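Listed below are the residues making up each chain.
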Amino acid sequence: GGGGAAVCLRSKHRPLSVLKNLVREEHGKELRELKDDEFCAAHLASLCESAYKEYKEPMSLGQMVNYADLPRVMIENIMPNHFGVSLDTDAIERIWDVNS
């Protein structure tokens, strides 16, 4: 698999049970059987599943965002409407600069 420096591999020797269960239930494998890139893919899948589960909760304040709409959606919707933060011209320029 991939290089050992990947952030997702930090938990490989002490993975959360949600990750163990995902791999076992979805693929019939144990985590120790996975190559590094497969482990990272499973780690990402577990993060996405957890986020979606929380999003579906009745009182959830979560908001789904299409990655293709970033950073525009942060500027036009998330910051002002979700977080209640108005952005001045300098802040908007900094967001675009960081994004480029």
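Residues numbered from 1 in each chain as written. Predicted model: local features only at pLDDT ≥ 70, side-chain atom pairs only at ≥ 80, totals over all residues. Heavy atoms only, no water.

Chemist: Kindly report on the overall build of the protein chain, identifying the contributing residues and their values.
Modeler: When its secondary structure is counted, the protein chain shows 4 helices and 0 strands. When the helices and strands of the protein chain are read in sequence order from the N terminus, they spell out α-α-α-α. In terms of overall dimensions, the protein chain is more spread out than a globule: its C-alpha atoms have a radius of gyration of 18 Å, far above the 13 Å expected for 100 residues. With respect to the principal axes defined by its C-alpha atoms, the protein chain has extents near 50 × 35 × 20 Å. Put simply, the protein chain has 100 residues, and 18% of those count as buried. Sequence separation of 24 or more characterises 40% of the internal contacts of the protein chain that already satisfy a separation of 6 or more. By element, 53% of the accessible surface of the protein chain is carried by carbon and sulfur atoms, the whole surface being about 7900 Å². Between the centroid of the 12 positive side chains of the protein chain and the centroid of its 16 negative side chains there is a distance of 10 Å. (Helix = DSSP H or I, 4+ residues; strand = E, 2+ residues; numbered from the N terminus. Rg over C-alpha atoms; globule rule 2.2 N^0.38 Å. Buried < 20%, exposed > 50% of the residue type's maximum accessible area, 1.4 Å probe, protein only. Contact = heavy atoms within 4.5 Å. Areas by Shrake-Rupley, 256 points an atom, 1.4 Å probe, with all protein chains shown as cover. Lys, Arg positive; Asp, Glu negative; His and termini not counted. Charge placed at Lys NZ, Arg CZ, Asp CG, Glu CD.)

Chemist: Describe the side chain of Ser46, with residues and values.
Modeler: Mapped onto the fold, Ser46 is located in helix α2 (residues 36-56). Given a relative accessible area of 7%, Ser46 falls into the buried group. Here the side chain of Ser46 touches His43 through a polar contact of 2.7 Å, landing on its backbone oxygen. Not counting residues up to four positions away in its chain, the partners in contact with Ser46 are Leu19 and Leu22. (Polar contact = N/O pair within 3.5 Å; in protein donor to acceptor, adjacent residues only side chain to side chain.)

Chemist: For the nonpolar core, give the residues involved together with the corresponding values.
Modeler: Within soluble globular proteins, side chains that are nonpolar generally end up buried alongside one another. Of all hydrophobic cores here, the largest spans 9 residues; its members are Cys8, Leu9, Leu19, Val23, Leu31, Leu34, Phe39, Cys40 and Ala42. Mapped by element, the contributors of at least two residues to this core are α1 (17-27) and α2. In terms of residue count, the dominant contributor to this core is α2 (3 residues). Not counting residues within four places of it along the chain, the set of residues in contact with Val23 comprises Gly28, Lys29, Glu30, Leu31, Leu34 and Ala42. (Core = buried A, V, L, I, M, F, W, Y, C linked by side-chain atoms within 4.5 Å.)

Chemist: Just give me the short version of a nonpolar patch on the surface, but keep the residues and values in it.
Modeler: On the surface, Tyr52, Tyr55 and Met64 cluster together to form a nonpolar patch covering roughly 300 Å² of accessible area. Inspection of the secondary structure assignment puts Tyr55 in helix α2. According to the relative accessible area criterion, Tyr55 is partly exposed, its value standing at 34%. (Patch = residues over 30% accessible without salt bridge, like charges linked within 9 Å, V, L, I, M, F, W, Y side chains within 5 Å. Salt bridge = Lys/Arg side-chain N within 4 Å of Asp/Glu carboxyl O.)

Chemist: Requested: an account of the confidence of the model for the protein chain, with residues and values cited.
Modeler: Averaged over all residues, the pLDDT of the protein chain equals 91, while 96% of them reach at least 70. In the model of the protein chain, α1 stands out as the element of lowest mean pLDDT, 91, in contrast to helix α4 (residues 89-99), which has the highest, 96. (pLDDT = per-residue confidence, 0-100.)

Chemist: Describe unusual backbone geometry, and please don't skip the residues or the numbers.
Modeler: In this model, Leu70 is joined to Pro71 through a cis peptide bond whose omega is 0°. By the element assignment, Pro71 lies in the loop between α2 and α3 (72-82).

Chemist: I'd love a proper account of the state of the cysteines, names of residues and values included.
Modeler: If you walk through the whole model with that rule in mind, you get 1 disulfide. In this model Cys8 forms its disulfide with Cys40; the gap between the sulfur atoms is 1.7 Å. In this structure the cystine formed by Cys8 and Cys40 twists about its S-S bond by roughly 60°; its chirality is therefore right-handed. With a gap of 32 residues between them, Cys8 in the segment before α1 and Cys40 in helix α2 connect regions that are remote in the sequence. Comparing Cys8 with Cys40, the two get one shared label, buried. The thiol of Cys48 is unpaired, and the distance to the nearest cysteine sulfur, on Cys8, comes to 13 Å. Relative accessible area serves as the criterion here: at 46%, Cys48 is assigned to the partly exposed category. (Disulfide = S-S within 2.5 Å.)

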